[in-house]
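Chain residues, written in single-letter form:
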Amino acid sequence: MADSTLLNLVLWLPVLGMAGIAVLPKGNDSAVRSLSLVLMLVQLALTAVLYLHFDPNVSGLQFATRRPWIAAWGVDYSIGLDGINVLLVALTAFLGPLVVAGAFSAIQKDVKLFYAMVLFIQFAMLGTFVAQDLFLFYVFWEAMLIPMFLIIGIWGGERRIYATLKFVLYTAFGSILMLAALIYLVYSMHRTNGAMSFGFTALYAKSLPLETQMWLLAAFALSFAIKVPMVPLHTWLPDAHVEAPTTGSVILAGVLLKMGTYGFMKLGFPLFPDATRAFAPALMTLSVISIVYGACLALVQTDIKKVIAYSSISHLGYVMLGLVSLDLVGIQGAILQMVSHGLVAGGLFLMVGMIYERCHTRDIAAYGGLAKLLPVFSVFFTILTLASIGLPTTSGFAGEFMALLGAFNAAWPLHEAGYNLPLVLAVVAVSGVVLGALYMLWLAQRMLFGPVKAPHQPFPDLNARERTILIVLVAAIFAIGLYPQEPLRKTELGAREYQQLVLRTHTTANHPESDE
Amino acid sequence: MNLLTVIVILPLVGFLLNGLLGPRLGKPFVSAVGCGLPILAFLAAVRCFLLVQGSGGEQPLVEVAYNWATFGDRSFDIAFYFDRLSAVMTLIVTGVGSLIHVYSTGYMKDDPSYARYFAYLNLFLFFMLLLVLGRSLLVCFVGWEGVGLASYLLIGFWFEDPEKAAAGKKAFITNRVGDAGFLLGLFLIYHTLGTLEMDRINSAFLAPTLPAVSASLVGILLFIGACGKSAQIPLHVWLPDAMAGPTPVSALIHAATMVTAGVYLVARLNGIYQHAPEASHVIAIVGAATAFFAASVAVVQTDIKKVLAYSTLSQLGYMFVALGVGAYGVAVFHLYTHAFFKACLFLGAGSVIHALGGEQDIRKMGGLAKKIPITFVTFAVATAAIAGIPPLAGFFSKDEILWFAFSSATGGSPLLWAIGSITALMTSFYMFRLLWLTFLTPSRMSQEVEHHVHESPLNMSGVLIVLAVLSAVGGFVKIPDFLEHVLPLARAGGELEHFEMPLLVFSVIVALTGLAGAIMVYGKGLAKGEVLAARFQGLHRLLSNKYYVDEIYEACLYRPLHWVSDRIFLGVGDRFLIDGSLNGMAALAQRAAGRLSRVETGSLQFYVLLAVGGAAGCLIWMWRHG
C-alpha cells in the first residue's frame, strides 16, 4: 500500500469536503451537516488505519511525502508522522466528528459557511501537525487563524468583536516574530553552507552561537507561548472562549492550544537546544506560575466557560513542565496530557454548550441541583470534572502524574547538587493538584448540587446525539487512563528523539556568524 | 485462576451493573448484586487467606494484572500482593463491608436513589481493595484517590442539601492536600529506588546498605498522605463533617475501613519507618495529639454521630501512636478491633436514628433501652469494648498500645503513655455518657417520636448482633503475633517488663473510672452536665466549637486564597497590568492611526500593519547584527 497516500488523503480530505459543501445547494442545511459528519468519520477511520500501522519501533518519519514546492527557496511540501505528532493527529481526527455533531442544533445561521470553516480549520490543524518543513508549517499555522477568526466573529456572543480582535492581535503579534525568526534562521543557514532549506531535519543540524539561539528561541517562544497560552500572555483565551460558539471553544481547547506546546516540542526547543537549557529555569517558572495562577483565577470566575478556560491555562502548564523537564517520563506525560486535555476540556466545553442551548446562560449562579433535573447530564459532567481533576483511572491522572514525576526526577538531582529552584517549583506544581480539585469541585457543587435552580425550565435531558458524543469521549478518557501504555508505546521513540535533540550541545564557539 | 484480580473486580462489576442497570431492574436486583458481589469477594478473600495459610503463611500471593506504562527499563505494573497483612485488611474490608451492605438494604429501603447508593458503595469497595491489595504504591495511590472519590460521592449522597454537598467537597479537598504529600513521597521513592513495589521498597530500606535518600523525609511525606486519609491533625477537619452521609457509609468508610488506610500505609512501609526515627516521632506526636484533642471534643458533642466521629479520630490517633513507637502489629490489631466495635456503634446509631425518624440529638433521646433492646445490647457491648473494659476486644488492643507507648525501645515514653491514658479516661467517659443519655436515662423524646419508636428489622439487627459478638471476642486473636513475619514485633526497652502488669491493672481502673464518672454526671439525665458546662463556660465553648479550627482555616487559608485570586491575580494581574497595558497600546495605536490615516480608525488591519512593521524592524536589526 502506498503509505504516504493515506496521510495525504487524511490531510486533504477536509478540503475535498469544503468543495463538496460549496457545490451543495443553498438552504439544504441537513445535507451540509451530514456531509461534514461523514467526511469527518471517514477521516477518523483513515487516521485509525494510520495509527494502527504506525510502527512504534521505527524512528523518524513514517508515511512521509516530500516534494519540492518552491524550489528557489528550498521549500518542500514535506509531511509525515512521527512519535511526536502521531497522537496529536489522532486527537484532531478523533475530535472532528464530535465537533461537527456537537454543532448540529446550535448553529442555524450560515450553516454552509460554518461547516466549511470547521473543515478548513481541521485541514489547517492537521497540516500544522504533519508539516515537516518550516515554511509549510508556518503557512498552516497562519491559515488556522482565518477560520477561527470567522467562527468567533460570525457565530460568537455579544462581545465577539472585542474577543476576535484580542485573539488576532495576540496571535498575529506572535506569528510575526516567529516569521522574522524563521527567515533569519534559514537565511543564516544559507550564509554558512549556501544551501537553502526549510526542512526540520536540516534545521536541526544547524549550529548557532548561544546568543543567537537565545534571540531566536525568544521569538519562537513568544509565538508559541501565546498559543499555549502561558501566563502572562493568556488574557486572550478567556475572552475568546466566552465569546466563541461551542464549536469554537471545543476546537480551541481541544486542539488549537496544543499547537503552542507542540511548537515548543517540535521546533522551539530542538532547534535551539542550548538556549532552551539556558532558559529552562525561566520556562519552568513560567509553567508553574501558569499552573497556579490559572487555577487561582479559575476559582473566582462566575462564568462556566471562564472556569474551564482558566483551567486550560493551568493544565497546559503541566504539559510545559513535562516538556522542560527533559525527563523521558515527563516528556511522555506531557504528550499524554496534551491528548487528555483535548478530550477533557473539549468534552467540558461541549457540555457547557449543551446546557447553554437549554438555559441560555453561562452564569454559574443561575444553576443549582442539576443532578436532580438532568441526571444523565450530571453523570457525564461529573466524570469530566473528575478527569479534569486528574483522578486515577482517567487520562487526566496519567498525564499529570507522569509530567509531575518527570519534573521531580529532573529537579531532585539538581537539588542534591545544591540548586533548589526546580525542586521548589516541582513541589509547588504538585500542590497545584489541590487547587485543581478546589475550583472544579466548587463548579460542580454549585451547578449540580443543592436546591434545583435553572432558567427556562422545563427542558429535556441529553438526547441520543449528545449522549453518543459524550459516551465516545468518556470511553477514550478511561481507555487512556486505564491503559496509557498503548499510546505511550507509539510516542516513546519520538519522546526520546526530542530528549536527545534538546540535550545535545549545539553551540559553535568559532562560528563565522558569531557576534562581531 | 487469578483470584486476587477477581476479588478486586467483583465489586467493580457490582458498581457497573447497579450504576447502569440498577434503576431499571428494581430493588431486588440491586440488593442481590449490591450485597452478593461483596460477599463473593469476601469468600474469594477467605480462599486466598487459606492458600497463604496452607503454604505456612510466609509466602505471599502475587499477581500481575497488566502493564500500565513502561519507560525504558522501568515499568509500572498493575499487580496485586497478598500476604498476611493484606489478608487481615482484605478480610476486614470485604467482611465488614458485606455486613454493612446487608444492613443498608434495611436502612436505605425507602430511599429513591437506592441503586445509586449501592453502586457507590460497591465502587468504594473496589477502590479500597485496590488500596490494600496493590503491590505498588501506584496501585495503592489509585485506590487511595478512588476511595476519596467514593467517600465524596457518598458524603454528598443527599446532594440537594447544600451543606451535605459542601461536606463532600471539603473531604475531597482536604484529602487532596494529603495526597500531594503522598505523591511527593512516591516520586522521591521512585526517583531513588526505581521501583514503587512496596515489598521491594521495604527490602531496599532493610538492606545492609541504605538507599541514598533520607528515610525520614520519605516517611514524613507519605505520612502527610496518611494524615489526610486518616484524618489526623492538621488534616482532621473533614471527618466530623463527613457524617452528613448516610449512617452505614459512616460505619463502613468513615470508621471501619477507609480512614484506616493511613495506618495501613505506614504499617505496610514499615521498612522505611524503622529507619526513620524522626518521622516516627512525628507520627507518635501527631497521633497522641489527635487522640487527646478529639476525645476532649467528643466529651461535649450532642449529635450521636459527631460523638462517634470524634471518637474515630481519637482511636485513629491511638493507632498512629502505636505506629510511631514501632508497634506496627499492635496498630493493625487496634485497627482490626476498632473495625468491629466502631462499625457496631455507627450501625447502632443508625438503628437509633432510624427508630427515631431521623433524630440525631442525644439531648432529645433517652429511655431507648427497653424500646429497642437489640440495638441497646449490641451498642452497650461495643461501648464497653471501645472503653477498654476487659475482656472485650478494645481492651486488648488499647492496652497493648498504651504498654508500648510507655515501654517501646523505639520512641516509647511515659509522656506518651500519660496522654494515652488520659485519652482512655475521656473515651470511657464520653462513650458511657452517650450510652446513658441515649438508652438509660429517662426519655426526653416528644410524644410523637416516642410513639413511633421501633426496633430495626432483622437485616439490620442481625448485622448488629454479628458485629457485637466480634467486638466481644475479637481481641482473643493475637493479630501482632499473626503478623510477625510482615510487621516486626515491638520491643519493650530495658528493664520495663515488670511494669506490664501494673499498667494493665491501671488501664482497667481508668476505664472503670470513666464509666463511674459518666454515671455520676449523666446517670440521671442532662441536668448535672449542664451545671458543669455553665461552671466551665469558657472551656465548654472552646470544646463545643472544636477549638475553632474550622474558623481558623477559613480565616487563614480559604479567604486569603480567594482574596489574592480575586483582587490581586484577577484585578491587578489580568485586568490592570496585562489587559491594561494591552488596551493602552491599542489606544496609542488608535491615536497614531487617527493621525496617520483618515480612512482607518484603529482597525484590526492597522495593528497587523504595525506588528509587521515592528517585525520588519527586528528583522533588519538582526540581519545587521547577526
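Residues numbered from 1 in each chain as written. Chains lettered and ligands numbered in written order. Predicted model: local features only at pLDDT ≥ 70, side-chain atom pairs only at ≥ 80, totals over all residues. Heavy atoms only, no water.

Visitor: What exactly am I supposed to notice about the overall build of chain A here?
Guide: The number of helices and strands found in chain A is 19 helices and two strands. In summary, chain A has a C-alpha radius of gyration of 22 Å against a globular reference of 24 Å for 516 residues, a match within 12%. Here the C-alpha coordinates of chain A stretch approximately 75 × 60 × 45 Å along the principal axes. Of all intrachain contacts in chain A linking residues separated by at least 6 positions in sequence, the fraction that spans at least 24 positions is 82%. Entry remark: accessible area of chain A is about 15800 Å², with carbon and sulfur atoms responsible for 67%. (Helix = DSSP H or I, 4+ residues; strand = E, 2+ residues; numbered from the N terminus. Rg over C-alpha atoms; globule rule 2.2 N^0.38 Å. Contact = heavy atoms within 4.5 Å. Areas by Shrake-Rupley, 256 points an atom, 1.4 Å probe, with all protein chains shown as cover.)

Visitor: Looking at this model, I keep getting lost on the interface of chain B and chain A. Mind explaining?
Guide: Accessible area lost upon the coming together of the parts serves often as the stated size of an interface. Each side of the interface is counted separately: chain B has 59 residues, and chain A has 74 residues. When chain B packs against chain A, close to 6300 Å² is buried across both sides, 76% of that on carbon and sulfur atoms. Where chain B packs against chain A, one counts two salt bridges. As a salt-bridge pair, glutamate 160 of chain B and lysine 372 of chain A come within 3.2 Å of each other at their nearest N and O atoms. If you look at where chain B meets chain A, you find 17 residue pairs in polar contact (both at pLDDT 80 or more). Listing elements by their share of the side of chain B that touches chain A, those giving two or more residues are β1 (61-71), α6 (137-155), α7 (162-193), α26 (549-596) and α27 (604-625) of chain B. Across the side of chain B that touches chain A, the residue classes tally to 41 nonpolar, 10 polar and eight charged. (Buried area = accessible area lost by both parts, 1.4 Å probe. Salt bridge = Lys/Arg side-chain N within 4 Å of Asp/Glu carboxyl O. Polar contact = N/O pair within 3.5 Å; in protein donor to acceptor, adjacent residues only side chain to side chain. Nonpolar A, V, L, I, M, F, W, Y, C, P; charged D, E, K, R; others polar.)

Visitor: Sorry, what's going on with the packing of helix α1 (residues 3-20) of chain B against helix α5 (residues 114-133) of chain B here?
Guide: How two helices sit against one another is set out by the angle between their axes and by the gap between those axes. Residues and elements named next belong to chain B. In the contact formed by α1 and α5, the axes pass within 7 Å of each other and the chain directions differ by 160 degrees. Compared by their axis directions, α1 and α5 come out roughly antiparallel. The hand of the α1/α5 crossing is left-handed. Residues Leu4, Ile7, Val8, Pro11, Leu12, Gly14, Phe15, Asn18 and Gly19 of α1 form the contact with α5, whose participating residues are Ala115, Phe118, Ala119, Asn122, Leu123, Leu125, Phe126, Leu129, Leu130 and Leu133. Among the residues making up the contact of α1 with α5, the classes are represented as 15 nonpolar, four polar and no charged. (Axes fitted to C-alpha atoms, helices over the stretch in contact; angles between N-to-C directions. Parallel < 35°, antiparallel > 145°, perpendicular 65-115°, else oblique. Left-handed = near helix turned anticlockwise from the far one by under 90°.)

Visitor: Help me understand the packing of aromatic side chains, please; the structure alone is not making it clear to me.
Guide: The relative placement of two aromatic rings is captured by the distance of their centres and the angle of their planes. The full count for this structure, using the stated rule, is 56 aromatic pairs over all chains. Judged by centre distance (5.5 Å) and plane angle (70 degrees), the rings of phenylalanine 135 of chain A and phenylalanine 198 of chain A are edge-to-face. Taken together, the residues span a long stretch of sequence, with phenylalanine 135 of chain A in helix α5 (residues 134-155) and phenylalanine 198 of chain A in the loop between α6 (160-193) and α7 (200-204) at a distance of 63 residues. Here phenylalanine 157 of chain B and tryptophan 158 of chain B contribute two aromatic rings whose centre-to-centre distance is 5.9 Å and whose plane-to-plane angle is 70 degrees, an arrangement assigned as edge-to-face. Members of the aromatic cluster, each reached through a chain of ring pairs, are Phe397, Phe401, Phe408 and Trp412 of chain A together with Trp68, Phe71, Phe76, Phe141, Trp144, Phe182, Phe187 and Tyr190 of chain B. (Phe/Tyr/Trp six-rings, centres within 6.5 Å; stacked < 30°, edge-to-face > 60°.)

Visitor: Can you help me understand the pattern of salt bridges in this one?
Guide: Between side chains of opposite charge, pairing is possible as soon as their charged atoms come close. Under the counting rule described, the total for this entry stands at 20 salt bridges over all chains. Across the salt bridge formed by aspartate 579 of chain B and lysine 166 of chain A, the nearest N and O atoms sit 2.7 Å from each other. Taken together, the residues span two chains, with aspartate 579 of chain B in helix α26 and lysine 166 of chain A in helix α6. Pair check on accessibility: aspartate 579 of chain B and lysine 166 of chain A agree, each one buried. Via salt bridges that share partners, Arg135, Glu197, Asp199 and Arg200 of chain B belong to a single interconnected network. (Buried < 20%, exposed > 50% of the residue type's maximum accessible area, 1.4 Å probe, protein only.)

Visitor: Before we go on, may I ask you to explain the packing of helix α15 (residues 375-389) of chain A against helix α17 (residues 421-448) of chain A in this structure?
Guide: All names here are of chain A. The interhelical angle for the contact between α15 and α17, taken along N-to-C directions, is 170 degrees, at an axis separation of 9 Å. Taken together, the axes of α15 and α17 lie roughly antiparallel to each other. Contact residues: α15 offers Phe377, Ser378, Phe381, Thr382, Thr385, Ser388 and Ile389, while α17 offers Gly436, Ala437, Met440, Leu441, Leu443, Ala444, Met447 and Leu448. Grouping the amino acids of the contact of α15 with α17 by side-chain chemistry returns 10 nonpolar, five polar and no charged.

Visitor: I'm lost on the pairing of β1 of chain B in this one. Help?
Guide: Looking along a regular strand, one sees the side chains alternate between the two faces of the sheet. All names here are of chain B. Note that β1 and strand β2 (residues 74-82) share nine bridges and pair antiparallel. Bridge assignment links leucine 61 to a residue of β2, and that residue is phenylalanine 82. From the end of β1 to the start of β2, which pair antiparallel, there are two residues, and glycine 72 there has a positive phi angle of about 60 degrees. (Pairing = 2+ DSSP bridges.)

Visitor: Help me out: how do you make sense of helix α11 (residues 247-256) of chain B in this one?
Guide: Side chains three or four residues apart in an α-helix point the same way, a direct result of the helix having 3.6 residues per turn. Counting buried residues in α11 of chain B gives 10 out of 10 residues, a clear majority hidden from the surface. Thr247, Pro248, Val249, Ser250, Ala251, Leu252, Ile253, His254, Ala255 and Ala256 of chain B are the residues of α11 of chain B that are buried.

Visitor: I'm lost on the confidence of the model for chain A in this one. Help?
Guide: Low pLDDT means the predicted atomic positions in that stretch should not be read closely. In the predicted model, chain A carries a mean pLDDT of 90, and 97% of its residues have values of at least 70. Confidence over residues 509-516 of chain A falls short of pLDDT 50; this stretch has 16 contacts with residues more than four positions distant or in other chains. (pLDDT = per-residue confidence, 0-100.)

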